[in-house]
Amino acid sequence: MVEVPMTGTVRRSLLARLFVETRSVMPAAGSTGLSLVLVIATMCFLASLTLGAVLAVNHATQSWTRQLSGALTVEILAVEGQDPEMQRDAALTALSKTPGILTAKTLSRDDVAALIQPWLGVDVAREDLPFPQLIDVRLDTSAPPPDLDALAAALEKSAPGVRLDSHRQWLDDINGAANAAQGLSYAILAIITLTTIAIVTFATRAGLLANHEIVELLHLIGARDNFIASEIQRHFLLLGLRGGVLGLALSLLAFGGMSIVMNSSSLLVSMPTIQPWTLTSLLLVPVMAALVSVITARMTVMRGLGRMM
Amino acid sequence: MIRFENVGLRYESGPEVLRDVTFTLERGSFHFLTGPSGAGKTSLLRLMFLDHKPSRGLITMFDRPIATLARHELPDIRRQIGVVFQDFRLIAHLTAYENVALPLRARGKSEDSYRADVIELLQWVGMGERLDALPSTLSGGEKQRVAIARAVMGRPRLLIADEPTGNVDAEMGNRLLHLFVELNRLGTSILIATHDRELIASNPAPALVLHKGEVEIHG
């Protein structure tokens with residue numbers, strides 16, 4: 001009775017076994033296999049980071065816009081001969097008649113003093129300083145927005161010294177900056193994506209060319225083109241997926257680190273929590289890298305076989 | 001079984017390396033192919049294992065004219081030809097067992113169906129103890145025997161060996177020759193390309209002698 005061997009029990013490096021071994025006719029632990037995994041991992045890391053940055057910028061701009069567009073401020077200036085309380089009540093009455101307003105809250109003198117404190121210092125809360133009264137208005141974002149021009153006119157008409165700050169100027173500036181940031185981040189994402197595709201394509205082609213003699217040998221021992229192509233494709237699919245998953249894992253770690261740093265500081269941009277659809281987008285990165293590698297490998301090997309007899 | 005009629009070969013626009021080559025290899029025959037370096041032995045072998053098309057002439061393999069076959073029919077012809085390459089062409093990251101099993105794997109067979117046959121064949125060539133060895137750990141003679149085992153694994157009707165004793169000592173050369181003779185007795189046609197006159201003398205058989213691209217049959 002012949003003892004059946006455990007084939008392929010040759011010692012291979014741990015790194016190669018973890019990230020490269022594919023049991024393929026293509027060399028698994030060779031320099032091209034590991035290089036391809038590392039190249040794909042690096043490019044997927046960069047692509048995932050860029051995608052994450054795009055999502056963070058989108059999240060931040062939506063957050064700024066939502067916060068600003070969902071709030072209004074009514075400013076009531078002290079006017080000689082006018083009772084401040086009557087001015088405030090008249091403004092609140094005008095607000096209550098306007099649809100689409102969720103809440104209207106008069107800020108206390110302490111709240112107003114806290115707002116002014118960065119400009120005028122800690123001693124501003126003196127009784128003799130004529131502070132304007134402020135009403136913080138929150139809009140119902142689920143309802144149609146109110147006609148701000150009509151509301152401004154109604155407030156001015158309600159009492160002298162009452163005026164509406166719709167933050168429109170500030171909102172326009174923020175929107176402009178946000179749109180520019182978004183455009184830039186999408187442009188960077190497009191460049192990184194194209195670069196990733198190009199590098200994965202070249203790396204796959206180089207890996208295949210370096211092992212051209214294996215394709216030739218299979219051809220000469222009677223393997224059909226489809227068998228050779230499927231062996232090569234499986235090899236590059238596994239290499240691509242391993243590299244992609246490695247890159248994605250590194251980028252998720254980077255996101256975690258950035259999230260801690262950015263959310264604990266007072267930076268303008270905070271990292272969004274990863275939503276299911278965000279994770280889906282990120283998971284597509286290694287899948288795309290593997291697909292590019294597989295398609296390139298198939299096209300290259302079929303073209304090479306087509307030149308053989 | 002195999003017939004070359006007025007076959008000529010030139011690479012691209014270069015000179016003709018084979019001219020009017022005509023010969024027939026009968027079923028179960030044993031031939032040597034010899035001639036000086038540059039005479040065209042490798043080119044002739046490439047035509048025989050369907051690595052290259054002739055520039056002119058007619059090649060018939062196993063009674064089928066190659067020129068009339070569609071490309072997808074050629075693998076079936078190649079599977080009837082076993083080749084022992086001069087440089088072995090063993091896949092470096094596959095074990096001896098995996099290298100020998102390659103022709104059957106390429107035919108889509110499952111490992112369960114061929115495992116015992118591969119082991120038996122490796123034992124027949126004296127490599128039963130080195131099943132798991134990588135080519136880089138094998139000596140020249142061991143590589144040659146693994147290459148021979150791979151070439152005969154698919155039970156070819158024709159075995160072509162290019163300088164099979166070129167990398168081994170005389171004793172190993174004789175052992176390899178005995179392997180070929182035994183295979184020939186089992187019905188496989190054998191064509192051995194060699195410079196080794198002692199090898200040719202030790203087993204009298206017809207020889208195709210190539211000289212300046214033309215072939216003569218001796219013996």
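Residue positions are given per chain, counted from 1 along the sequence in the order it is written. Naming scheme: in the order in which they are written, chains are lettered from A and ligands are numbered from 1. Per-residue local features are limited, in this predicted model, to residues with pLDDT of at least 70; the limit for side-chain atom pairs, both in listing and counting, is 80 or more; totals at the level of whole chains, interfaces and linings are taken over all residues.

Asker: It is not clear to me how the overall build of chain B should be interpreted in this structure. Could you clarify?
Answerer: Numbered from the N terminus, helices here are DSSP runs of H or I no shorter than four residues, and strands are runs of E no shorter than two. Along the backbone of chain B there are 7 helices and 10 strands. Each radius of gyration is computed over the set of C-alpha atoms, and the globule rule expresses the reference value as 2.2 Å times the number of residues to the power 0.38. Relative to a compact globule of 219 residues, whose C-alpha radius of gyration would be 17 Å, chain B shows 17 Å and is just as compact. Projected onto the principal axes, the alpha-carbon positions of chain B cover approximately 45 × 40 × 35 Å. Counting other C-beta atoms within 10 Å of a residue's C-beta gives its exposure: the residue is buried at 20 or more, exposed at 12 or fewer, and partly exposed in between, where C-beta atoms are placed from the backbone. By the burial criterion, 42% of the 219 residues in chain B qualify as buried. Placing C-beta atoms from the backbone, we regard two residues as in contact once those atoms come within 7 Å. If you take every contact in chain B between residues at least 6 apart in sequence, the share linking residues at least 24 apart comes to 68%.

Asker: Please explain the overall build of chain A as it appears in this structure.
Answerer: Tallying secondary structure elements over chain A gives 9 helices and 4 strands in all. Seen in sequence order, chain A has helices and strands lined up from the N terminus as α-α-β-α-β-α-β-α-β-α-α-α-α. Pairs at least 24 apart in sequence give 82% of the contacts found in chain A among residues at least 6 apart.

Asker: How should I be thinking about the sheet that holds strand 1 (residues 71-76) of chain A in this particular structure?
Answerer: Sheets are built from strands paired through backbone hydrogen bonds, the pairs being either parallel or antiparallel. All names here are of chain A. Reading across from one edge, 2-3-1-4 is the order of the 4 strands in this open sheet, with antiparallel pairing throughout. Every interior strand has two partners, whereas the edge strands, strand 2 (101-106) and strand 4 (162-165), have only one. Each adjacent strand pair in this sheet contributes to an overall mean axis angle of 20°, direction not counted. What makes two strands pair is DSSP finding at least two bridges between them. One ladder, built from 6 bridges, connects strand 1 with strand 3 (residues 133-139); its direction is antiparallel. Bridged to Leu72 within strand 3 is Val137. Interaxial angle, 0 to 180 degrees, is taken between N-to-C directions of lines fitted to C-alpha atoms, where a helix line uses only the stretch in contact.

Asker: So what exactly am I meant to see when it comes to the sheet that holds strand 7 (residues 158-162) of chain B here?
Answerer: Residues and elements named next belong to chain B. Read from one edge of the open sheet, 6 strands run 6-7-8-3-9-10, paired in mixed fashion. Since the sheet does not close on itself, it has two edges, and those belong to strand 6 (81-84) and strand 10 (214-218), each with one partner. Here the average twist between neighbouring strands, direction ignored, is 20°. Note that strand 9 (residues 207-211) and strand 10 share 5 bridges and pair antiparallel. Bridge pairing in strand 10 links Leu210 to Val215. Those strands touched by helix 1 (residues 41-48) are strand 3 (30-34), strand 7, strand 8 (189-193) and strand 9, and its axis lies near 155° from that of strand 7.

Asker: It is not clear to me how the environment of A:Leu171 should be interpreted in this structure. Could you clarify?
Answerer: Residues and elements named next belong to chain A. Among the structural elements, Leu171 can be located in helix 6 (residues 168-210). For Leu171, a count of 15 C-beta atoms within 10 Å puts it in the partly exposed group. A sequence separation of 105 residues divides Leu171 from Arg66, and the C-alpha atoms of the two residues are 9.8 Å apart.

Asker: Can you walk me through the environment of A:Leu209 in this structure?
Answerer: Following the sequence through the fold, A:Leu209 ends up in helix 6. Exposure remark for A:Leu209: the 12 C-beta atoms within 10 Å place this residue in the exposed category.

Asker: Would you take a moment to explain the nonpolar core for this structure?
Answerer: Note on definitions: a nonpolar core is a set of buried residues drawn from Ala, Val, Leu, Ile, Met, Phe, Trp, Tyr and Cys, linked by C-beta atoms within 7 Å. B:Val100, B:Leu122, B:Ala149 and B:Ile160 are the most contacted members of the largest nonpolar core, which totals 108 residues. At 16 residues, helix 2 (residues 31-69) of chain A tops the list of elements feeding residues into this core. Counting 13 residues, the second-largest nonpolar core is a separate cluster that includes A:Leu72, A:Ala91, A:Val137 and A:Ala159.

Asker: Where do I start with the pairing of strand 1 of chain A in this structure?
Answerer: In regular strands, side chains alternate between the two faces of the sheet. Residue and element names in this part refer to chain A. The side-chain alternation of strand 1 yields one buried face, formed by Leu72, Val74 and Ile76, and one unburied face, formed by Ala71, Thr73 and Glu75. One ladder, built from 4 bridges, connects strand 1 with strand 4; its direction is antiparallel. In the strand pairing of strand 4, Thr73 is matched with Asp165.

Asker: Is there a simple way to explain the pairing of strand 2 (residues 16-25) of chain B in this structure?
Answerer: Residues and elements named next belong to chain B. Across 6 bridges, the pairing between strand 1 (residues 2-10) and strand 2 is antiparallel. Note that in strand 2 the partner of Arg10 across the bridge is Glu16. Counting the residues that bridge the hairpin from strand 1 to strand 2 gives 5 residues, and of these Glu12 lies at a positive phi of roughly 50°.

Asker: Any chance you could explain the packing of helix 3 (residues 96-106) of chain B against helix 5 (residues 140-153) of chain B here in plain terms?
Answerer: The relative placement of two packed helices is expressed as an angle between their axes plus a distance between the axes. All names here are of chain B. Across the interface, helix 3 lies against helix 5 with an axial gap of 7 Å and an inter-helix angle of 25°. Considered as vectors, helix 3 and helix 5 are oriented roughly parallel to each other. As for the relative orientation of helix 3 and helix 5, their crossing is right-handed in sense. Residues Ala96, Asn99, Val100, Leu102, Pro103 and Leu104 of helix 3 lie in contact with helix 5, whose contacting residues are Val146, Ala149, Arg150 and Met153. Just so you know the grouping, Ala, Val, Leu, Ile, Met, Phe, Trp, Tyr, Cys and Pro go in nonpolar, Asp, Glu, Lys and Arg go in charged, and all remaining residues, Gly too, go in polar. Residues belonging to the contact of helix 3 with helix 5 are distributed by class as follows: 8 nonpolar, 1 polar and 1 charged. Small angles under 35 degrees read as roughly parallel and large ones over 145 as roughly antiparallel, with 65 to 115 read as roughly perpendicular and the rest as oblique. Here a crossing is called left-handed whenever its near helix is offset anticlockwise from the far helix by less than a right angle, and right-handed whenever the offset is clockwise.

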